[in-house]
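Structure assessment
So the chains spell out like this:
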Amino acid sequence: MPINWRTDYGVRLVYEISKKPEGTRATVRDLSGSAEVPYDYARTIVRDLVTSGIMRSFRGVGGGVELTRSPQEITILDVFRALGEPVSLALCTDAGGVCGRQDTCPMHVAIYNDLDAMMADYLGRVSFRDAVEIGSALPESAEDCR
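Heads up: these notes are all about the structure in this document.

**As for the packing of aromatic side chains**
Scanning all chains against the criterion turns up two aromatic pairs. Between the aromatic rings of Trp5 and Tyr9, the centroid separation amounts to 5.6 Å while the plane-to-plane angle is 45 degrees, which identifies the pairing as tilted. With Trp5 and Tyr9 both in helix α1 (residues 5–18) and four residues apart, this pair spans about one turn of that helix. Using a relative accessible area of 57% as the deciding quantity, one classes Trp5 as exposed. Relative to Tyr41, the ring of Tyr9 lies with its centre 5.4 Å away and its plane at 90 degrees, an arrangement referred to as edge-to-face. On the criterion of sequence distance, the pair formed by Tyr9 in helix α1 and Tyr41 in helix α3 (residues 39–52) is long-range, its members being 32 residues apart. You can call Tyr9 buried: its relative accessible area is 12%. Note on Tyr41: relative accessible area 33%, which makes it partly exposed. The structure contains a cluster of three or more aromatic residues connected by ring pairs, namely Trp5, Tyr9 and Tyr41.

The structure is reproduced here in structure tokens:
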């Protein structure tokens, strides 16, 4: 399951704001810089994160974006869903219905469907607070792997 750039960027943006004290606002420009995400792309991704309810935006002096919930309550899966990223190992198990054999194919029934469920379960258990704690324990150069 290759994660597309848009979702990777979205995860990075939420990670960067999760590192800040709760309730802290950040500008999209600041987040895009620290996450190393092109600013114009970051703006469209943040707009989708606002629409999905992960972030809220504020205009004017002191404006920016902030998380709507604690980083402990926001999971990686939340960002995947907000940005439309399927959690699926194979194109044939994606909910897009590419394959008409999903109910009769032994690979779907015996392997892929369960694997997709395990991936979704894992991503749904990893919060951004968890990611920040893991990231803070890494050497600084390791965090710059983006």
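Further notes follow.
**Quick word on the pattern of salt bridges**
Counted by the stated rule, this structure contains eight salt bridges. Put simply, Arg12 and Asp8 hold a salt bridge, and the shortest N to O gap is 2.9 Å. Placement of the pair is Arg12 and Asp8 together in helix α1, with a separation of four residues, close to one helical turn. Ionic pairing is found between Arg69 and Asp78, a salt bridge with its closest N-O pair at 3.8 Å. With a relative accessible area of 33%, Arg69 lands in the partly exposed category.

Calculation rules
- Residue positions within a chain follow its written sequence, with the count starting from 1.
- Residues qualify for local features only when their pLDDT is at least 70, as the model is predicted, and side-chain atom pairs are given and counted only at 80 or more; totals for whole chains, interfaces and linings, by contrast, use all residues.
- To obtain the side-chain values, all non-hydrogen atoms of the structure were used and water was disregarded.
- Stacked, tilted and edge-to-face are the three classes applied to pairs of Phe, Tyr and Trp rings, where Trp contributes its six-membered ring and a pair requires centres within 6.5 Å; stacked means planes under 30 degrees apart, edge-to-face means over 60, and tilted covers the rest.
- Counting from the N terminus, the helices are the DSSP runs of H or I reaching at least four residues and the strands are the DSSP runs of E reaching at least two.
- Three labels apply to residues, based on accessible area from a 1.4 Å probe with only protein chains included: buried if under 20% of the type maximum, exposed if over 50%, partly exposed otherwise in between.
- When a carboxyl oxygen of Asp or Glu lies within 4 Å of a side-chain nitrogen of Lys or Arg, that pair is called a salt bridge.

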